[in-house]
Amino acid sequence: MAKPKVGFYWCASCGGCEEAVVDLAEAVLDVVQVVDIAFWPCATDFKRSDVEAMADGEMAACFVNGAIRSSEQQEMADLCRRKSQLLVAFGSCSHTGGVPGMANMYTRQAILEAVYTDGEFSTVNAEKAFPSAHVSRPEGQLELPTLDESVKALDQVVVVDYYLPGCPPPVKLIVEAVTAIVEGKLPPRGSVLAPDVAQCRDCPRIDSKPEEAFIKQFVRPHQIHIDPEKCFLAQGLLCLGPATRSGCDHACIKGNMPCTGCLGPLSRATDYGAAAMSAIASLVGSNDARQIGAIMDQIADPAGTFYRYSLPASQLFRRLEPAANGGQQR
Amino acid sequence: MIRQHPQVRIGVYVCHCGTNIAGTVDVMELTAFAATLPNVALAREYRYMCSDPGQELLKRDIREHHLERIVVAACSPNLHEKTFRKAAEDAGLNPFLVQMANIREHVAWVTADRELALAKAKAQVAAAVRRVVGHEPLERKFVSITPRVMVVGGGIAGIQAALTLGDSGKEVILVEREPTIGGHMAMFDKTFPTLDCAACILTPKMTAVKDHPKIRLLSLSEVAEVSGSVGNYHVKVRRKARYISEERCVGCMKCIEECVFRSPKFPNAFDQGLGLRKPVYMPFPQAVPPVPVIDAETCLWLKSGKCKQTCVTACGERNAIDFQQQDWYEEFDVGAIIVATGFRAFDPTPMRFYGYGQFPQVYSALEVERLLNAAGPTQGKVVLRDGSVPKRVGIVHCIGSRDHNYHPYCSRVCCMYSLKLAHLIKEKTGAEVTNFYIDIRAPGKAFEEFFERVQQEGVRFIRGKVGDVRPGPPDENGQPQGLVVQVDDTLRGRVTKVPVDMLVLAVALEPAEGADAVRRMFNMSCSTEGFFLEKHPKLAPVNTVNDGVFLAGACQGPKDIPDTVAQADAAAAQALALIDCARIPLEPNTAWVEAELCSGCKTCIPLCPYSAISRDPEKGVAVIDESLCKGCGTCVAACPSGAAQQHLFTDAQIYDEIEGILSYV
């Protein structure tokens, strides 16, 4: 019997997810023994036309990482969807929008201006070139992909069968997922292929977390010497473990860094950031509104902290356009 | 997010509430709309759904049309949710398959715009219909009740409630923060309008409390912590050191006689500071418990450790004096709590133009009560601070009451106590007494008659606000004689100056000191003035929003002694009705934790106001004690895993409700 075909594709991502596949190391050989890699443009020379040539549903599974933020990515997501029996959102960006999703804090115009004309990030752009779908050059007309107004998670543009969360997904979860696909032992469609219980469950530091509202001050990791045994929250460090799925074997926590929430929300939490925020806010050790406000104000970049990986998938989706008054406080 | 629900048969009932709803909301149109909603098998409107025929209609439909869910679009669920749940239950439907849409308080009463009202009512009904589909049948659980009541506050309200409960055979814990019970009433000489001697009617009750086998009196004590809930409160009481053992003291008062201070030197708070006491003292002769108290602030031994301790010698073998005593805590389990913490007399010092605190001739009413009292600092003689007897006395009404700079409300008792003071002062001194009033409010039993009697006795009444009080003209020695009260006499239409030797300020009643802390402790609400709020002003006047906590007396609002006593008995009856049930049903809207989903992150544990959550040390997950849970939902909102959930408020139900509203706005 022919080995099932699988594909890997990347959209708006950093490449870390591809690295995670490579990180399978010896396990990658086990994977290759049981499947045929039919599409993996990052590592091997496949073209879009190769995929287009496939019959619909020819790939048993396609793992798509990265968020969707351009017309090209939308097309590739549609294509991968059509050619695969199972489409797996691979990694935080594909799962919930990921770090690129933070772009939803800005308008498309503001992002392009910052990159191309305001000169803060770009290389020299003397002729003030600005992205455009149609470009005329002496050699001819070019049709280019366009940048979307907002960044989206994969399931906001195509139907997704499974999710492999993480930034990047932990090797163990990838192996388990591939094994489950090959053996046909998959949970109900739509499931996230990671334990449905938060980090605290087996956290080596849980015993040192107080059973009271104790946070008087928030600190950032560079500001203190972090106790390697004690609950981060008990040290005033923002650890999002209480709101985040487990499955990474507490990789960051064991590295003495608090959880930033890449594995995303539990199945019953509708909005990751809201769940994390209410959990953290609940720990503030004060009953005085002003004092609570002062303590919460110590959290640098709340949106970037609580929605680091999940703004597009949140109930907010994106920041609204500035109001008619330019967003001035009334 | 579209959730698929099984098909169910819903009955929708739109209540007119007379014209309360129908006057603003087009109930016919609303009913027609409800009939078009998914799953609605039947929609009706009716004039008064809460009436017997209304409930019968609902019951009959449940039976005949096999309704599986009920939506009643009517008033607030606070008012009639129980009614309709009961009706459904009578008809064999689980009561928790009923949902109310509040189209009265939330719709009809907040707009006059019929179009907007109909639109909002539709959205509310659509939300309720959408939500009720996902309701599940729930079972009520029962919890047993501790048949013991704590009464907080030992004024006449607390005393009355405690005696009524004690006489019915229930155990009562009476907590009083002062060294003696009796409260304000014990300070008065006579009571209006009958002129009963306050002590003669109060002290027998105080003694009855002391001797009652079912009442345990904790004086010099304050409630420190309250946990638990209706039927099973756990209360921690701070017992303040008296330095004299209540068990060993026989009340011989030798310690007071033999104190190294040969004469009283310190102001006695009970006498409003007009009388003096020693460091060891009785607030007043009939104090209960009849045990002296040592004031640590003024006692030489407690202050400096240097004293001959003549009191200890005087006490001798009884050995009742205990300088080692410290504050301590005692804990009690009670089924119900009656809060009777009373009031505080308004301090008129900030109203500079009345001269209180500047001119020695200006008194607050409570001070005059003490002067009039035979057991008071002057043995009942009305004399000024210089020892002279006043010949002209003015009484100014509404001090701090009916005044938007202080308290906008009427304190209800000041008119009557002012009349009483006028009568007593006139009787004792023969002085010419003038009342400066805005309106005389004498609507109680025999009040108007008393007002007439006082008028006939020759007390003068000037209708008008006092604008100024100044020292009188100088005598031959150049010393000012008495005071001159300037008043805008509104009946004569001119400003009048009235010379007086003594001026009495009829001060307002305001919430007692520390009322807000008490309110928080017992989870009660309060009105804007700070008086504790009853659950319903007409139909639940002694209940509070916190089940099992009842109100009595002036802590709920200014009131006179007859009203206070009546309310205290009402509170006692309510408490009795509760604790006599032996067990009470718990609302099933409790929270629970799905152990599989709980990571044991401990977020919820400190948040629970009822201490209902603990961590199972073996499984490492949170566990909610359902008998303690009051369904506030705090843990549910905070749980980052969605492991804490609540009956009747599951995420799905809440989203259904929101979607129902949003799909029709």
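The structure this text deals with has already been given above.
Here goes a summary of the coordinates provided.

Check the secondary structure of chain A and you find 11 helices and 9 strands. In terms of overall dimensions, chain A is globule-like: its C-alpha atoms have a radius of gyration of 22 Å, near the 20 Å expected for 330 residues. Each principal axis of the C-alpha atoms in chain A carries an extent, and together these give about 65 × 55 × 30 Å. Counting only residues that meet the buried cut, chain A has 38% of its 330 residues in that class. Within chain A, contacts between residues at least 6 apart in sequence are counted, and of these 74% link residues at least 24 apart.

So, about the environment of Thr634(B). All names here are of chain B. Mapping Thr 634 onto the fold places it in helix H16 (residues 634-638). Separated by 208 residues in the primary sequence, Thr 634 and Lys 426 have C-alpha atoms spaced 61 Å apart. Excluding residues that lie within four positions of it along the chain, Thr 634 makes contacts with Leu 607, Cys 608 and Pro 609.

Between chain A and chain B, the contact holds 23 residues from the first and 16 residues from the second. In terms of residue class, the side of chain A that touches chain B is built from 13 nonpolar, 4 polar and 6 charged.

Further remarks concern the packing of helix H5 (residues 114-133) of chain B against helix H17 (residues 651-662) of chain B. All names here are of chain B. Running from N to C, H5 and H17 point in directions that differ by 145°, and their axes come no closer than 7 Å. Considering only the axes of H5 and H17, their crossing is right-handed. Of H17, the residues touching H5 (which contributes Ala 123, Ala 126, Ala 127, Val 129, Arg 130 and Arg 131) are Gln 653, Asp 656, Glu 657, Glu 659, Gly 660 and Ile 661.

Further remarks concern unusual backbone geometry. Here the amide bond leading from Cys167(A) into Pro168(A) is cis, since omega sits at -5°, within 30 degrees of zero. As for its position among the elements, Pro168(A) is in the loop between strand E9 (162-164) and helix H7 (171-183). Note the cis peptide between Phe192(B) and Pro193(B), where omega equals -10°. Summarising the element assignment, Pro193(B) is placed in the loop between strand E8 (190-191) and strand E9 (196-197). Even without a glycine there, the phi angle at Leu195(B) is positive, about 60°. Structurally, Leu195(B) is set in the loop between E8 and E9. The backbone phi angle of Ser611(B) is positive, close to 50°, even though this residue is not glycine. Structurally, Ser611(B) is set in the loop between strand E31 (591-593) and strand E32 (613-616).

Right, let's get into the sheet that holds strand E22 (residues 432-437) of chain B. Residue and element names in this part refer to chain B. Ordered in space as E20-E27-E21-E22-E23, the 5 strands form an open sheet in which the pairing is parallel. Two strands lie at the open edges of the sheet, namely strand E20 (362-364) and strand E23 (460-463), each paired on one side alone. For this sheet, the mean inter-axis angle between neighbouring strands, taken without regard to orientation, is 20°. Pairing geometry for E20 and strand E27 (residues 502-507), over 3 bridges, is parallel. Considered in E27, the bridge of Val 362 is made with Leu 503. Contacts from helix H12 (residues 414-429) reach strand E21 (392-399), E22 and E27, with the element oriented near 170° to E21.

Glancing now at helix H11 (residues 365-372) of chain B. Residues and elements named next belong to chain B. Most of H11 is tucked away, with 7 of its 8 residues classed as buried. Burial in H11 covers these residues: Ala 365, Glu 367, Val 368, Glu 369, Arg 370, Leu 371 and Leu 372. Those residues of H11 that are buried lie in contact with E20, H12 and E27.

Time to look at the sheet that holds strand E7 (residues 171-175) of chain B. All names here are of chain B. Taken in spatial order, the 5 strands make up an open sheet running E10-E7-E6-E18-E29, and their pairing is parallel. Single-partner strands in this sheet number two, and they are strand E10 (215-218) and strand E29 (549-551). Direction aside, the axes of adjacent strands within the sheet are offset by 20° on average. Here strand E6 (residues 148-152) pairs with E7 via 5 bridges, running parallel. Looking at E7, one finds that Val 149 is bridged to Val 172. Contacting E6, strand E18 (336-339) and E29, helix H15 (residues 561-579) crosses the sheet at an angle of about 170° to E18.

This paragraph deals with H7(A). All names here are of chain A. Counted at 1.5 Å a residue, the expected span for H7 with its 13 residues is 18 Å, and the 18 Å between its end C-alpha atoms agrees. All of the buried residues in H7 are Leu 173, Ile 174, Ala 177, Val 178 and Ile 181. Projected down its long axis, H7 carries its buried residues within an arc of 130°, all on one side. Packed against the buried residues of H7 are helix H1 (16-22), helix H2 (26-34), strand E3 (59-65), strand E5 (84-90) and E9. Once H7 finishes, Gly 184 follows within two positions and takes phi at roughly 65°, a positive value.

Conventions and cut-offs
Residues numbered from 1 in each chain as written. Chains lettered and ligands numbered in written order. Predicted model: local features only at pLDDT ≥ 70, side-chain atom pairs only at ≥ 80, totals over all residues. Helix = DSSP H or I, 4+ residues; strand = E, 2+ residues; numbered from the N terminus. Rg over C-alpha atoms; globule rule 2.2 N^0.38 Å. Buried ≥ 20, exposed ≤ 12 C-beta atoms within 10 Å, placed from the backbone. Contact = placed C-beta atoms within 7 Å. Nonpolar A, V, L, I, M, F, W, Y, C, P; charged D, E, K, R; others polar. Axes fitted to C-alpha atoms, helices over the stretch in contact; angles between N-to-C directions. Left-handed = near helix turned anticlockwise from the far one by under 90°. Pairing = 2+ DSSP bridges. Expected span 1.5 Å × (residues − 1). Arc of directions from axis to C-beta.

Shape descriptors only; they carry no functional weight alone.
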